[in-house]
Amino acid sequence: MSAFDFIGADLISQEEPQAASLDERDRGGKQQPMLIVNGLRKYFPIRSGILQRHVGDVKAVDDVSFSVLKGETLGIVGESGCGKSTLARLLMHLIPSDSGEMIFDGDPVGGMRGLSLRDLRRNMQMVFQDSYSSLNPRLPVQDSVAYGPRVHGMSRTDAMDLACDLLDKVGLRAAMFGARYPHELSGGQKQRVNIARALALNPRMIILDEAVSALDKSVEAQVLNLLGHLKREFNLTYVFISHDLNVVQYISDRVLVMYLGQVVEIGSVDAIYDTPLHPYSRALLDSRLSMDPDDRMTEPPISGDPPNPVNPPSGCRFRTRCAFAETVCAAEAPSLSQAGPDHFVACHMVRRGSGHSRLLS
Amino acid sequence: MWYYAARRILMSIPIALGVTVVCYALVLLAPGDPIQSLLPPDASPEEIAYLRKVYGFDKPIPVQYLLWLQRALSGDLGISLQTNRPVMLEVLNALSNTFVISVGAVLLAFSLAFILGTIAAYHIGKPADRIATGVAVVGVSVPNYWLGIVLVIVFAVKLGVLPATGMGSAGSSSFSIFDWNQAKYAVLPILTMSLVPLGIIMRTTRSAVAEVLNNDFVQMLRAKGLGPLAVLRHAIWNALPQVLTVMGLQLGYLVGGSILIETIFTWPGTGFLMSKAILTRDVPVLQGAILVLSLTFVSINLMVDLLQTAVDPRIKRA
Amino acid sequence: MTDVSAFRLPLFRRKREAREVRGYWASVANRLRYDYVTLFFLAIILTIVLLSIFAPLLAPFDPTKTSMAYRMKPMGFRNFILGTDELGRDMLSRLLWGGRTSLMMGLVPVAAATVIGGLLGVIAGFRGGWVNSAIMRTMDVFYAFPSVLLAVAISGTLGGGSKNGMIALTLVFIPSICRIAESATTQVRSLDFVEAARASGASTLSIIWHHILGNVLGPVFIFASSMISVSILLGSGLSFLGLGVEPPTPDWGLMLSTLRAGIYVQPLVCALPGVAIFITSLSFNLVSDGLRQAMDVKA
Amino acid sequence: MQLDLAVEDRKPVTFAEVSEPLVEVRDLSVKFVSREAVNRAVNGVSFSLAPSEVLCIIGESGSGKSVTMRALMKLLPPKRTVIEGGMRVGPHDIVKMREADMRAVRGSAISMIFQEPMTALDPVYTIGDQIAETVMRHQKIGRGAAMERALELLKLVRVPSPERRLKAYPHELSGGLRQRAMIAVALSCNPQLLLADEPTTALDATVQIQVLVLLRRLQQELGMAVIFVTHDLGVAAQIADKVAVMYAGRIVEYGAVADVMMKPRHPYTVGMLASTVHGHMRGHDIDAIPGSPPDLRKPIVGCSFAPRCKVVSAVCQTHSPPTKSFGNGQYAACFHAE
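Below: a short report on this structure. (Residues numbered from 1 in each chain as written. Chains lettered and ligands numbered in written order. Predicted model: local features only at pLDDT ≥ 70, side-chain atom pairs only at ≥ 80, totals over all residues. Heavy atoms only, no water.)

## Thoughts on the overall build of chain C
So, point 1. Secondary structure assignment for chain C yields 11 helices and zero strands.
So, point 2. When the helices and strands of chain C are placed in sequence order, the string is α-α-α-α-α-α-α-α-α-α-α.
So, point 3. For 299 residues, the compact-globule estimate of 2.2 N^0.38 gives 19 Å, and chain C exceeds it by more than 25% at 24 Å.
So, point 4. Long-range contacts, defined here as pairs at least 24 residues apart, represent 71% of the contacts in chain C between residues at least 6 apart.
So, point 5. By element, 67% of the accessible surface of chain C is carried by carbon and sulfur atoms, the whole surface being about 13,400 Å².
So, point 6. The positive charge centre, built from 25 side chains, and the negative charge centre, built from 16, are 3 Å apart in chain C. (Helix = DSSP H or I, 4+ residues; strand = E, 2+ residues; numbered from the N terminus. Rg over C-alpha atoms; globule rule 2.2 N^0.38 Å. Contact = heavy atoms within 4.5 Å. Areas by Shrake-Rupley, 256 points an atom, 1.4 Å probe, with all protein chains shown as cover. Lys, Arg positive; Asp, Glu negative; His and termini not counted. Charge placed at Lys NZ, Arg CZ, Asp CG, Glu CD.)

Next comes the structure, spelled out in structure tokens:
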């Protein structure tokens, strides 16, 4: 709500917008963010007892607001159970949200006058984590790629030719791999097919949900390079969801840190990685492993596992693991406050007069 | 766990109600006027009209059903056309006889099947497994009413060691399984009856245990230095919920599906009762028997489900 | 709404090379090729089917022609290769003709139940919510009857005859096939590739047709194939009780029933229909097992 | 019996003992034989490991690292597996040992932890039962004493409120606690050698470092040797003394962790380090190794890395590369390494 207002305002007045070359599909102009998400919320009800009464909620995504600029890559990091994947599915409208709105290139999504779901999906696609379930095991991979265009009315031969073109583009020789079934491909190859499938509708934005996490390091590097090339070639905007901080740093322009369904910090990649302000962001970054054997950690930066999102702690959700927690943290949930140009943090220690004894920034 | 159990009991109520609806509908679907089936063919029109009123057949069908249900719940399932005795009495009497052979068959089949299935799962692909699976396939493929006849030919006719049919002189009122002179009448029915559940439970046990043995934690158990028996103990505890479900179903099938076996051995159980009722078109008995048997089946499944919660910690603490 | 020109159209049509990789069904067939047990019993099934189809040509006698003089004769008596029954009818002819009805009782109910139950299951699984509850709770009620009891109950009240018998068996199989289809659909529906199909804007029907059916058909088919043997046994059982095929039509179950009195006279002849049922049901069971193994793809 | 002795015999590590390696693997090869093909998962692996030393085996999926570990424990299915070469751990000749004797070694002298704590623990037994089971199996003590030992072990691996966790089932614990419980099972009989198969891969970043620090500390306190399999070079840098890099069933480079990480000699190691992503590579392509690993079901002529190698030459295509030594205990199997 309030957070969103000034995030948007600030981003639009940015001096050097990330948006790249002209795109004839651009409607809102270069300054209009590709996607604005405002107050998105998704609770999964927990039912229990004899009559399956509603006893609580998994607060998977709780009041999340952010925007994605044209041509940028927004990285979303967080640990398992923080709501990253739910967020991705909410953005794609694969599951209905409880509340919140989305604006795609100036057009509100849904509603009477808004962008229809079908049009949204033409413009926004998703790449799933490589797993046995990401491709239909009964379809040759070229049919999987051609399926989207077929759905949107392309003729069979055209769709097949397009699929083969795209398979070539993602580095799989269509003549050799197109007719294969998913189980005959390696993890990296399957992920290339998934990317080709996402590209088949010629989208403007792609959500990558842990798209390289299951891959071997050498293959991960290949796929990351591929994503970079495709982004330039097709003028794409990425939302890149991952738990791997190194990969997010490499690929992202801006980074959003999630903890238990909420945004704790969002900002440019340099701001987040060089001067992380939220104690959770700092702990997360400190948990990265150094490649230097002489630089070994003797004390873990943070103890315990992330708590269960069913009944998150009151106030600031991170306070149970935070070294700086004070009474105000339990009493009041911190809202996102500006801590620098394009840098917002949800922590009482950042806001002057919050009642916390420390002040960062 | 108590929540789960209470929920499970509540959930079986609509199913039981649905069962009564189906039982009632069966009579409606039966060709001819239902009132005709309640009366001897030579009944006078006055009698018919009287009964029609008494049984509420002049009312709309849902009301008729509710009336019928009300009577059924109070234990009144009508009067047998053949014996003129209350159907409830006939069915319950027969049910106790059915329980004698089905429980016997259950104990035999379950214990044998569980042991064989576990052995087969542990030696999967080896001769022991092939023999056990072979027995199981034969068990589920053989027409048990035919096998009953074959057994009678061998043991009763050729060897003369066991009685062919009936329940012996004692009759159902004082039958005791501990007295060989009476129990020997139950041997062949029990043997014949146990074959199908033997096959099915063995297959389930085999696949369930084999599946558990494929789990990662079995590697861990072996890495801890446990021997085959200790590993199997883990596997069995994991497979138990699945096996229990099938066992419950099979017990229900035996109680409810003993009609063929009882007909062959003229064992005076519910199946034999139904078989006679079909031949004589004694609809009240048929309907009553079906109702009692299917409700028994529902309650057996319920009990097995409750038992399952006790062995599976994933449900127990939910 | 759809504007094809927005797609990047390919610049040239390309020739795709011949498929060098086997599809799913081809690899299943390939695996079956080395499963000699399954092949052997498949051959037996084919033989039984052919014998039944050509029964009118192969049967040496009229299967319903009775003869008081030739009652209960042993195998090899005169021209009666397999003996005669209690009314002096030729056993061989009756067995050949009986195969027709027994196979019908095995195959027709399963096929009908697969179509009906499969459809209901896919709908229930895909729609979820109250549609699922309505369909599946109804199925639960029918599932709450032991199968033999339900078959006997239905054909007992509807009256005998092979048509009613088949209706009864179909109703018996629908709930279990529906359950299999429903659980398979529910499982597939939540997989990423179905999400991806939805994300590409596909309609429900298109997703079911292209992505669900192909993955649900396998388990349903395997289960249905294992039901054939059950159906044969149950069908013969109904005839045995006098609820299925009506005399004098030859049927294995019915023959077994009418020959019961003769077991003391000609035990071997009287056992023949049972042997026929046993071999047929065993073959279907083993082929179904083989199919299950061959279709079990580990990706 | 013999085994219990082996455990009791352990003395504090002295310099003299370091020269006698605890683990010696000589020319190990593992083949999986099926009707369709022979999969040569491991092709001639040799290494040795001193007591209380940590060896990290680094490799990508299918490189044979996990198979090597399971061979050391004889956990591979005996029917389909052909193991050749020599393996010795302490006094035990693993290759020649009978299954019954091997069982006495598993879980006591050698123990193992797995990648997925969710699937590696039995879901229907409590944590306490699963730890106590191992103790009872190897130390022939009663259930009460074993439970006490289990509690002790949960304290050792720093599980908070251990009394309560003893009676918990695996699904009632978080990922990090489950992994600690599994470590407790593995340490229950004071092993001389701990095999760890990617034990931190499935964990969150903040939890992974906690488990790594714990493992490192326990290894030093208990003085055991550890073979740690991972695909993550960062994990190796945190925990290893020695590093062995595996590719296509062979060790292509071996040496002290600092040497290998700071001055890699084999082109594959160089490529792996280059393709490990850092923030400062932003805006540039990653120097990724092209292609994919070879199919081990087909015979390999020459160097298995040749098709993906940057410095490949004619000799690499035809001859197996020799193992070159670099004086500092570092080895690389490459014609062009220097």
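## Topic: the sheet that holds strand S12 (residues 331-333) of chain D
The pairing of strands in a sheet happens through backbone hydrogen bonds and is either parallel or antiparallel.
Residues and elements named next belong to chain D.
So, point 1. Pairing within the open sheet is mixed, and its eight strands lie in the order S6-S7-S8-S3-S9-S10-S12-S11. Where the open sheet ends on each side, the last strands, each with one partner, are strand S6 (110-113) and strand S11 (323-325). Each adjacent strand pair in this sheet contributes to an overall mean axis angle of 20 degrees, direction not counted.
So, point 2. Bridge analysis of strand S9 (residues 242-247) against strand S10 (residues 250-256) gives six bridges, and the strand direction is antiparallel. (Pairing = 2+ DSSP bridges. Axes fitted to C-alpha atoms, helices over the stretch in contact; angles between N-to-C directions.)

## Structural notes on the arrangement of the chains
So, point 1. Contacts between protein chains span five pairs of chains, and they are most numerous for chains A and D.
So, point 2. The least C-alpha distance between chain C and chain D, which are not in contact, is 11 Å.

## A few points about the side chain of C:Arg89
So, point 1. By secondary structure assignment, the location of C:Arg89 is in the loop between helix H3 (55-58) and helix H4 (91-127).
So, point 2. In contact with C:Arg89, other than residues within four places in its own chain, are C:Pro63, C:Thr64, C:Lys65, C:Thr66, C:Gly83, C:Thr84, C:Arg94 and C:Pro248.

## Side note on the interface of chain D and chain A
So, point 1. If you look at the interface, chain D gives 47 residues, while chain A gives 42 residues.
So, point 2. Approximately 3,600 Å² of surface area, both sides summed, lies buried where chain D meets chain A, with 54% of it carried by carbon and sulfur atoms.
So, point 3. Contact with chain A buries surface across chain D, with D:Thr206, D:Gln238 and D:Arg282 losing the most and accounting together for 18% of the total.
So, point 4. One can count two salt bridges joining chain D with chain A.
So, point 5. D:Arg217 is the salt-bridge partner of A:Glu299, the closest N and O atoms lying 3.2 Å from each other.
So, point 6. Counting the contacts that link chain D with chain A gives 22 residue pairs in polar contact (both at pLDDT 80 or more). (Buried area = accessible area lost by both parts, 1.4 Å probe. Salt bridge = Lys/Arg side-chain N within 4 Å of Asp/Glu carboxyl O. Polar contact = N/O pair within 3.5 Å; in protein donor to acceptor, adjacent residues only side chain to side chain.)

## Considering the pairing of strand S3 (residues 54-58) of chain D
Sheet faces and side chains relate simply in a regular strand, where the side chains alternate between the two faces.
Residues and elements named next belong to chain D.
So, point 1. Most of S3 sits out of view: five of its five residues are buried.
So, point 2. Where S3 lies against strand S8 (residues 225-230), five bridges are found, and the strand directions are parallel. Across the sheet, the residue bridging to Ile57 is Val229, located in S8.
So, point 3. Note that S3 and S9 share four bridges and pair parallel. Bridging from a neighbouring strand, Ile57 pairs with Ala244 of S9. (Buried < 20%, exposed > 50% of the residue type's maximum accessible area, 1.4 Å probe, protein only.)

## Thoughts on the pairing of strand S1 (residues 35-48) of chain A
Residue and element names in this part refer to chain A.
So, point 1. Where S1 lies against strand S4 (residues 99-104), five bridges are found, and the strand directions are antiparallel. Counted as the bridge partner of Leu35 is Phe104 from S4.
So, point 2. Judged from the 11 bridges that link them, S1 and strand S2 (residues 53-68) form a sheet pairing that is antiparallel. Bridging from a neighbouring strand, Ile46 pairs with Gly56 of S2.

## Overview of the packing of H4(C) against helix H11 (residues 267-295) of chain C
All names here are of chain C.
So, point 1. With their axes 11 Å apart at the nearest point, H4 and H11 run at an angle of 35 degrees to one another. Note that H4 runs across H11; the crossing there is right-handed. Note on element contacts: H11 touches H4 through Val269, Leu272, Pro273, Ala276, Thr280 and Phe284, opposite Met91, Leu95, Leu103 and Leu107. (Left-handed = near helix turned anticlockwise from the far one by under 90°.)

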